[in-house]
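# Structure assessment
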Amino acid sequence: MAHANADAYAHSPSMLDDEERAIREVVREFAVEELRPGAREADETETFPEAAWDELADLDLTGLTVPEAYGGFDADRSTYAVVNEELAYGHLAVATALSVHCLATSCIATFGSKAVKDEWLPEMVDGRPVGAFCLSEPGAGSNPAELTTTAERDGDEYVLNGEKQWITNGARAGVYIVFAKTDPDDDGSITQFLVPADFDGVEVGKKEEKLGLRASDTVGMQFSDVRVPEKYRLTEEGKGLSAAFETLTGGRIAIAAQAVGLAQAAFDEAREYAHDREQFDAPIAEIEAVRNTFAEMGTKIQASRLLVREAARQSDAGEDPRLAASMAKYFASESAVDVTNEAVQIHGGYGYMSEFDVERFYRDSKITTIYEGTTEIQKTIIARELL
């Protein structure tokens, strides 16, 4: 891409070590060469690019959060953030699918028994079965304590009933991480379960029609009298919500990183266009108002990237990353909306046309302010930690 030196700060030795830079280069090349060319068609047809998923597996990326003992990458949080940023640079829907799969493998690796890990992780490390994470419900989005899915004990099994919504990888998944109450009347009884897709009573609901992220497989899920053996209970009864929050803190760092990658992609497209597009006998990149816009865009991207890196650093250092993760998620996602909006504006009328990638980037950016905890929830967490 022309003027590629403009994002040279992303290569700064002070920000990435040698291994992380090497991984970044591999994933960026994959994102540009393999993901970006098919992204527009995948968006238009609302079809997930399965071939790209298999290529992710070939790069060992589907095993990012799988321990090395099971053939996984076992990436630290900083490396995980780098991978998410670069994949989103190519195609946000693919980055999102991978991050959710990694949430599932992380839950199994962290909370599953040795027998459960032995059963599932050696296959999931290669991307099949795909993992999904089932927490949100039609009436319980930002406050998961209000979920109504139940898992009532019956001997050495649990009988699972309920409905989940906005499940990424839902139709593609072979295994679901499901959160349910073991006591319908007790908000403190939320427990985490592993549910294979082929169990009786597991039903994939309708495919959601979305503003953006249209290539992502997003569906509702129904669980009707699904009998789950006790061995697939991943947490003690009542410990599921705290486990979910622990997992989602890392997930927020990943989504923040994806927002950075998406914003960087929009910035690069707008920069190239501004150098090529001439008005009043000169490239629009020479117009002061346009130059000021690029200054603002670039600063927001870099500030977002630094917030992500700090949250990842804290996580890797064993510090409490909740405040940093929420700050990164809040700022990076809102910045992605701002940057993609400006990228459309710089393109003028062309930016409104689907043949230009910035139109898709703009639509895709909004979801980063919503999933893995809305902007409003991040502000609540930030204020609580600060005050």
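Calculation rules
- Residues numbered from 1 in each chain as written.
- Predicted model: local features only at pLDDT ≥ 70, side-chain atom pairs only at ≥ 80, totals over all residues.
- Heavy atoms only, no water.
- Axes fitted to C-alpha atoms, helices over the stretch in contact; angles between N-to-C directions.
- Helix = DSSP H or I, 4+ residues; strand = E, 2+ residues; numbered from the N terminus.
- Left-handed = near helix turned anticlockwise from the far one by under 90°.
- Contact = heavy atoms within 4.5 Å.
- Nonpolar A, V, L, I, M, F, W, Y, C, P; charged D, E, K, R; others polar.
- Domains from an automatic or database assignment.
- Buried area = accessible area lost by both parts, 1.4 Å probe.
- Salt bridge = Lys/Arg side-chain N within 4 Å of Asp/Glu carboxyl O.
- Polar contact = N/O pair within 3.5 Å; in protein donor to acceptor, adjacent residues only side chain to side chain.
- Pairing = 2+ DSSP bridges.
- UniProt positions renumbered as here; feature names shortened; annotations may be inferred.
- Phe/Tyr/Trp six-rings, centres within 6.5 Å; stacked < 30°, edge-to-face > 60°.
- Buried < 20%, exposed > 50% of the residue type's maximum accessible area, 1.4 Å probe, protein only.
- Lys NZ or Arg CZ within 6 Å of the ring centre and 35° of its normal.
- Expected span 1.5 Å × (residues − 1).
- Patch = residues over 30% accessible without salt bridge, like charges linked within 9 Å, V, L, I, M, F, W, Y side chains within 5 Å.
- Areas by Shrake-Rupley, 256 points an atom, 1.4 Å probe, with all protein chains shown as cover.
- Lys, Arg positive; Asp, Glu negative; His and termini not counted.
- Charge placed at Lys NZ, Arg CZ, Asp CG, Glu CD.

## Quick look at the packing of helix α3 (residues 77-90) against helix α6 (residues 240-276)
- Close contact between α3 and α6 brings their axes to 7 Å; oriented N to C, the two are set at 40°. Considering the relative orientation of α3 and α6, their crossing is right-handed. Of the residues in α6, those touching α3 at R77, Y80, A81, N84, E85, A88 and Y89 are G250, I253, A254, A257, Q258, V260, G261, L262, Q264, A265 and D268.
- Each residue belonging to the contact of α3 with α6 can be placed in one class, and the counts come to 10 nonpolar, five polar and three charged.

## Some remarks on the domain arrangement of the chain
- Here the chain is described as being made up of domain 1 (6-126), domain 2 (131-238) and domain 3 (241-386).
- Put simply, the middle of domain 2 and the middle of domain 3, counted by C-alpha atoms, are 30 Å apart.
- Summing the contributions of domain 2 and of domain 3, the shared interface buries around 1,000 Å²; its carbon and sulfur component is 74%.
- Considering only the side of domain 2, the residues that lose the most area to domain 3 are S142, L211 and L213, jointly responsible for 40% of the buried surface there.
- Taken together, the connections running from domain 2 to domain 3 amount to zero salt bridges.
- On inspection of domain 2 and its partner domain 3, the count reaches two residue pairs in polar contact (both at pLDDT 80 or more).

## Describing the pairing of strand β3 (residues 157-168)
- The pairing of strand β2 (residues 150-154) with β3 spans five bridges and is antiparallel. Its bridge partner being in β3, D154 is matched across the sheet by E157.
- Between β2 and β3, which pair antiparallel one after the other, the connecting turn spans two residues, and G155 there sits at a positive phi close to 70°.
- As judged from the nine bridges shared by β3 and strand β7 (residues 218-229), these two strands associate in the antiparallel manner. Across the sheet, the residue bridging to L160 is V226, located in β7.

## Some words on the UniProt feature "domain: Acyl-CoA dehydrogenase/oxidase C-terminal" (unreviewed entry) in the chain
- As recorded in UniProt, the feature "domain: Acyl-CoA dehydrogenase/oxidase C-terminal" (unreviewed entry) lies at residues 238-387.
- Secondary structure across residues 238-387 comprises 75% helix and 3% strand; the distance between its end C-alpha atoms is 28 Å.

## Focus: the packing of aromatic side chains
- Here the structure, examined in full by the defined rule, presents 10 aromatic pairs.
- Between Y176 and F223, the aromatic rings sit 6.2 Å apart at their centres with planes inclined by 85°, giving edge-to-face as the arrangement. Of this pair, Y176 sits in strand β4 (residues 173-181) while F223 sits in strand β7, and the two are 47 residues apart along the sequence. Accessibility classification places Y176 together with F223 in one group, the buried group.
- Taken together, the ring pairs in this structure connect W120, F199 and Y232 into an aromatic cluster.
- A cation over a ring is seen here: R28 above Y89, with NZ or CZ 3.6 Å from the ring centre.
- Positioned above the aromatic ring of W53 is the side chain of R172, whose terminal nitrogen or guanidinium carbon lies 4.6 Å from the ring centre.

## Some details on helix α4 (residues 92-111)
- Its 20 residues place the ends of α4 28 Å apart at the C-alpha level, agreeing with the 28 Å of an ideal helix rising 1.5 Å per residue.
- Counting buried positions along α4 yields 17 of 20 residues, so the element is predominantly enclosed.

## Let's talk about the UniProt feature "domain: Acyl-CoA oxidase/dehydrogenase middle" (unreviewed entry) in the chain
- Those residues carrying the UniProt feature "domain: Acyl-CoA oxidase/dehydrogenase middle" (unreviewed entry) are residues 132-226 in this numbering.
- Span residues 132-226 is 0% helix and 54% strand, its end C-alpha atoms 17 Å apart.

## As for a negative patch on the surface
- A surface patch of negative charge is lined by D17, E19, E68, D74, D76 and D316.
- Along the polypeptide, D316 turns up in helix α7 (residues 288-316).
- On the basis of relative accessible area, D316 is assigned to the partly exposed category, the value being 38%.

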